[in-house]
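Below, each chain spelled out in residue letters.
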Amino acid sequence: MPKLTKGNSMFGAGASPGIMSCIAGRLLCDTFLCSRDLLKEVSYSLTQLAKNQLHKDRKEIAPQDIPSMFQKLESLIELIECAQQDAWLSLELMFHLSVIPLTHQLTKLSGNLWGKTLQGARAQRVEYLLLHAFHEQKYINPDKTSAHANEAKDQRLPKRRIDAGSADRNAEEFGGDDAKLETDHVKGKKGPAYAGGLVLEPKRGLYDKYILLLDFNSLYPSIIQEYNICFTTVEKTTDGSIPHLPSFKEIGVLPKLLRDLVERRKRVKQMMKNAPRIKLQQHDIHQQALKLTANSMYGCLGFSNSRFYAKPLAELITLQGREILQRTVDLVQNNLNLEVIYGDTDSIMIHTGLDDIEKAKSIAVKVTQEVNKKYQCLVIDLDGLYKRMLLLKKKKYAAIKVQFRNDIPYEVIERKGLDMVRRDWSLISKEIGDFCLNQILSGGSCDDVVESIHGALVKVREEMKNGEIQLEKYVITKTLTKQPEAYPDGKNQPHVQVALRMKQNGSCTGFSPGDTIPYVICCEQGTSSAGSSGMAQRARHPDELKDNGKWIIDIDYYLSQQIHPVVSRLCASIQGTSPERLADCLGLDSTKFQRRPNYAADVDHSSLLLGSVDDCERYEGCEPLVISCPSCSSSFDCPVVVTSFCGSTDDETVSPAREKPERNFWQSLRCPRCPIDGDMGRVSPAMIANQVKRQADHFLSLYYRNTMTCDDETCNYTTRGLNLRASGDFERGSVCPNYPHCNGHLLKKYTEADLYKQLSYFCHVLDTEKCLQKLNMEASARMSLETSLSRIRPVVQMAASVVSKMRDRCAFGWINLSDLVVAV
DNA sequence: GTCTGGAGCGC
DNA sequence: CTGCATATAGGCGCTCCAGAC
């Protein structure tokens, strides 16, 4: 009898060799593996799958309870019934997913072993598909080499035509020409081996006019056909560069194979139109299998352990993909004058600015016609009409999609990449996030939306504090990618810690890579989370809390690390709220959530200067006015005049205590570091004026340097040169010089708004007049302040007038009146 | 502050 | 030569977290 071990298999894949030998000759359908392949779920436990897929409840029995259930008749029968139920659920799941017919079709297409398809061996399916295709054309296939053998002797036999004649040029070897890179890749497995799809920099924000989502149907398979890309057609390069497109007229093996698959799929889809009900599902599975097979071929060209590994071909395909997407964007923006707001690999989103769905559709028709004219195989198509959309980042957006059933429109909310679709956030933060998203997309007024979000946050905080939230909502789920013991930094990973502890105390037998681990973040009763150890140490399995009073939910963690980040990311472009305000609603210390300085580039400076914000906020980010002492070599930040004479303004509360020594500068007009007596460190009015002038000139020249930086964070290209490349998107600055590789735009590093703000700050520092009008104080205090200021006025007069003249020359001082029109 | 490993998405 | 254990893996692009430095 072979050993029926389990648990040492990678990715928890299937059964051990022992089990396989026991069932030799029979197919094994593991519904756990199939579900992981075909479904997207937070957890792939039978309980979860039964609930979400079959809508049935499953009774769970803890492993440690099983032995005792054998002790009594009733409990033994219960155990048997549960086991039987599990068997039926697995079977039902198998039918629900149509695993057998689907894998049957896939196997028939590729000609591999059905049992392997059931194990999910995708690379092997493609391998067999290509083996058959090349063999049929009388090519000799390359040998299969193991990863180990690859490292020792990276030599793969080229494919050679049996009738080795004219086609000798085909006998090229695509693998192994860059052995160094390849072994790096095999060993470290870090970093991509070649460039992939192009992702456009999104124009972030909330859109309430129709957006068109257009995408190319199966981009990569279509590129292979469009440009006849194959082992047999592409000329190999010797220097490791990407090969050129083939000029070979005869159709290659890969393109022909794909063409056949596409045509067969077309025929099957045609048959579906007037097929009897009973045949409908069968056809549907057949066409799915054809599509899956066509789409998985590219992936295996780039897979370094594949028998048909061909990095140059994979590179050539993705390069074409990037160029096609960029050409499409250029066409839509420059020739059709439409605004492209985002695009990823094979898709573009167009902001129509229209409320009328029919007009929006007609634009889509026009665009698709124009684009499709340019290609033979490639087809772009309308894939979605979004009524409203929130575009947050690359690969992160949500939209209300309008769909049609029998020409009747209905709306669905689509969420891509947002925290709410990820399993590694707790249910409670996902629920709040969904609520906020629904509010934002509701189309309600800004005030209403913000108010209801703030209200919801206050409410959930109350409920959490009162213990009204179920434990399940706090559960976070993460996947193990290695054996729990194999993590080098397992100490820092909550799910690894939980898995190790569960194994240790015997509540389970062990874990395999691919298993999902649920946990909650806790704190020890009576201690605050702030002082305790790292969060990985405070992670517990939900069951550990149920019968143990020592650990309780760490509510502060959930408020600040789960709910706040999710909500504040959603609200990033929503007027009327801010991370600070949201933190306030959650009862958190709002000072910890202040805007990071690099966000300042995103905000509109003009509104900042126009509004009635207080001085410290208005001049945030400005460089201080530095006065250097004529006697000693020290320098110090010049304090604001009015603040020095009036201790009770707002500025005092924000000034750090370290500025105290400079406080009385304006009273004494002496360097604070020089001896009090004697003439050392005395600063004259002319010195002040000179120093102010010199510093203002510095900022002026900074502005005129006109340094431009690319707004694509991954590029960050910086230049002073002018780039005259045309772009449909003039407002955002000119196209990045890295153009085909980067889709960003050059923006001024130091804008006129920055300069204006800086000069205004210097004016503010030296101001002795305007500040009086603004102050709201008692008559007696005002009198004494006025006297002090009038004494200092002659000293700063010269400096103040120098800098205010410079500021007033700055064109930014001209206010566009339309900016002042504000909807009330 | 920056950098890195890990995870989990989108396409 | 036999018994037993081994190894079994589609791609790249892009956030985001937490910890180390």
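Residues numbered from 1 in each chain as written. Chains lettered and ligands numbered in written order. Predicted model: local features only at pLDDT ≥ 70, side-chain atom pairs only at ≥ 80, totals over all residues. Heavy atoms only, no water.

Per an unreviewed UniProt entry, chain A is named DNA polymerase, and its organism is Kalanchoe fedtschenkoi. Word for word, the UniProt comment on chain A under Catalytic activity (unreviewed entry) is "DNA(n) + a 2'-deoxyribonucleoside 5'-triphosphate = DNA(n+1) + diphosphate". The UniProt entry for chain A carries this comment under Sequence similarities (unreviewed entry): "Belongs to the DNA polymerase type-B family." (UniProt positions renumbered as here; feature names shortened; annotations may be inferred.)

(A) Geometry of the overall build of chain A. Along the backbone of chain A there are 32 helices and 16 strands. For chain A, with 824 residues in total, the buried portion stands at 44%. Put simply, of all contacts in chain A between residues at least 6 apart along the chain, 64% involve residues at least 24 apart. Surface summary for chain A: the accessible area is close to 44500 Å², and the carbon and sulfur share equals 53%. (Helix = DSSP H or I, 4+ residues; strand = E, 2+ residues; numbered from the N terminus. Buried < 20%, exposed > 50% of the residue type's maximum accessible area, 1.4 Å probe, protein only. Contact = heavy atoms within 4.5 Å. Areas by Shrake-Rupley, 256 points an atom, 1.4 Å probe, with all protein chains shown as cover.)

(B) Layout of the protein's contact with DNA strand B. Taken together, the neighbourhood of DNA strand B is formed by 18 residues, with Asp346, Tyr397, Arg423, Thr481 and Tyr487 sitting nearest. Expressed as a percentage, the sugar and phosphate content of the atoms of DNA strand B within 4 Å of the protein is 85%. Between a phosphate oxygen of DNA strand B and a main-chain N or O atom of Thr479, the distance comes to 2.9 Å. One of the side-chain N or O atoms of Tyr487 is found 2.5 Å from a phosphate oxygen in DNA strand B. (Near = heavy atom within 4 Å. Polar contact = N/O pair within 3.5 Å; in protein donor to acceptor, adjacent residues only side chain to side chain.)

(C) Seen up close, a nonpolar patch on the surface. There is a patch of nonpolar side chains on the surface, built from Trp88, Leu91 and Phe95 and spanning about 370 Å² of accessible area. Note on Leu91: relative accessible area 35%, which makes it partly exposed. (Patch = residues over 30% accessible without salt bridge, like charges linked within 9 Å, V, L, I, M, F, W, Y side chains within 5 Å. Salt bridge = Lys/Arg side-chain N within 4 Å of Asp/Glu carboxyl O.)

(D) Expanded view of the environment of Cys671. With respect to the element layout, Cys671 can be found in the loop between helix H27 (665–668) and helix H28 (685–705). In the structure, Cys671 is positioned 42 residues away from Cys629 in sequence and 5.8 Å away in space, judged by C-alpha atoms. Contacts of Cys671, omitting those with residues within four sequence positions, involve Cys629, Cys632, Ser634, Phe636 and Gly681.

(E) Geometry of the pairing of strand E7 (residues 408–416). The sheet contact formed by strand E6 (residues 396–405) and E7 spans nine bridges and is antiparallel. Directly across from Ala398, in E7, lies its bridge partner Arg415. Between E6 and the antiparallel strand that follows it, E7, lie two residues; Asn406 among them carries a positive phi value of about 55 degrees. (Pairing = 2+ DSSP bridges.)

(F) Up close: the state of the cysteines. Taken as a whole and assessed by the stated rule, the structure comprises zero disulfides. Between Cys377, a free cysteine, and Cys230, which holds the nearest cysteine sulfur, the sulfur-to-sulfur gap is 14 Å. (Disulfide = S-S within 2.5 Å.)

(G) Quick look at helix H31 (residues 779–809). For H31, with 31 residues, the first-to-last C-alpha span of 36 Å runs short of the 45 Å given by 1.5 Å per residue. The principal kink in H31, of about 60 degrees, is found at Val796. Residues of H31 that are buried: Leu785, Ser788, Leu789, Ile792, Val795, Val796, Ala799, Val803, Met806 and Arg807. (Expected span 1.5 Å × (residues − 1). Bend = angle between axes of the 7 residues up to and from the residue.)

(H) Structural view of the packing of helix H6 (residues 99–110) against helix H13 (residues 277–301). Two numbers describe how H6 lies on H13: the axes approach to 9 Å, and their chain directions differ by 50 degrees. One finds that H6 runs oblique with respect to H13. Helix-helix and strand crossings are classified by hand; for H6 and H13 the assignment is right-handed. Between H6, through Pro101, Leu102, Gln105, Leu106, Leu109 and Ser110, and H13, the contact on the second element is made entirely by Ile285, His286, Gln288, Ala289, Leu290, Leu292 and Thr293. In the contact of H6 with H13, the residues fall into eight nonpolar, five polar and no charged. (Axes fitted to C-alpha atoms, helices over the stretch in contact; angles between N-to-C directions. Parallel < 35°, antiparallel > 145°, perpendicular 65-115°, else oblique. Left-handed = near helix turned anticlockwise from the far one by under 90°. Nonpolar A, V, L, I, M, F, W, Y, C, P; charged D, E, K, R; others polar.)

(I) The pattern of salt bridges, seen in detail. Tallied over the full model, the rule gives 23 salt bridges. Asp355 is the partner of Lys209 in a salt bridge, and the nearest nitrogen-oxygen pair spans 3.1 Å. With a gap of 146 residues between them, Lys209 in the loop between strand E1 (205–207) and strand E2 (211–216) and Asp355 in the loop between strand E4 (347–351) and helix H15 (357–372) connect regions that are remote in the sequence. Overall, the relative accessible area of 57% leaves Asp355 in the exposed class. Here Arg422 and Asp424 are joined by a salt bridge, their closest N and O atoms 3.2 Å apart. Where salt bridges share partners, they join Glu127, Lys144 and Arg307 into one cluster.

(J) Here's a closer look at the nonpolar core. Ile229, Phe231 and Val367 are the most contacted members of the largest nonpolar core, which totals 67 residues. In terms of residue count, helix H14 (residues 311–335) provides more of this core than any other element does, nine residues in total. Once residues lying within four places of it in the same chain are set aside, the contact partners of Ile229 are Ile223, Ile224, Val234, Leu245, Leu254, Pro255, Leu313, Leu316 and Ile317. In this structure, Ile428, Val450, Ile469 and Leu471 belong to the second largest nonpolar core, which totals 57 residues. (Core = buried A, V, L, I, M, F, W, Y, C linked by side-chain atoms within 4.5 Å.)

(K) Summary view of the side chain of Ser760. Mapped onto the elements, Ser760 comes out in helix H29 (residues 752–766). With residues up to four places along the chain from it excluded, the contact list for Ser760 reads Tyr619 and Arg807.

(L) Structural view of the pairing of strand E5 (residues 380–393). As defined by bridge partners, E1 adjoins E5 across three bridges and the pair is classed as antiparallel. If you follow Leu206 over to E5, its bridge partner there is Leu390. With seven bridges joining them, E5 and E6 adopt antiparallel strand pairing. For Arg388, the partnering residue across the bridge sits in E6 and is Ile400. What sits between E5 and E6 in their antiparallel hairpin is a turn of two residues, with Lys395 showing a positive phi close to 65 degrees.

(M) The arrangement of the packing of aromatic side chains in detail. Applying the stated criterion across every chain yields a total of 11 aromatic pairs. Between Tyr474 and Tyr558, the ring centres sit 4.8 Å apart and the planes meet at 70 degrees, which makes this aromatic pair edge-to-face. Highlighted residues: Tyr474 in the loop between helix H17 (446–465) and strand E8 (476–479) and Tyr558 in helix H20 (residues 555–570), separated in sequence by 84 residues. Looking at Tyr474, the relative accessible area reads 4%, which means it is buried. With relative accessibility at 0%, the residue Tyr558 sits in the buried group. On the basis of an interplanar angle of 90 degrees and a centroid distance of 5.3 Å, the ring pair of Tyr557 and Tyr558 is categorised as edge-to-face. Every member of this aromatic cluster is reached through a ring pair, and the members are Phe134, Tyr139, Phe231 and Phe308. A cation sits over an aromatic face here: Arg405 above Tyr410, 4.8 Å from the ring centre. (Phe/Tyr/Trp six-rings, centres within 6.5 Å; stacked < 30°, edge-to-face > 60°. Lys NZ or Arg CZ within 6 Å of the ring centre and 35° of its normal.)

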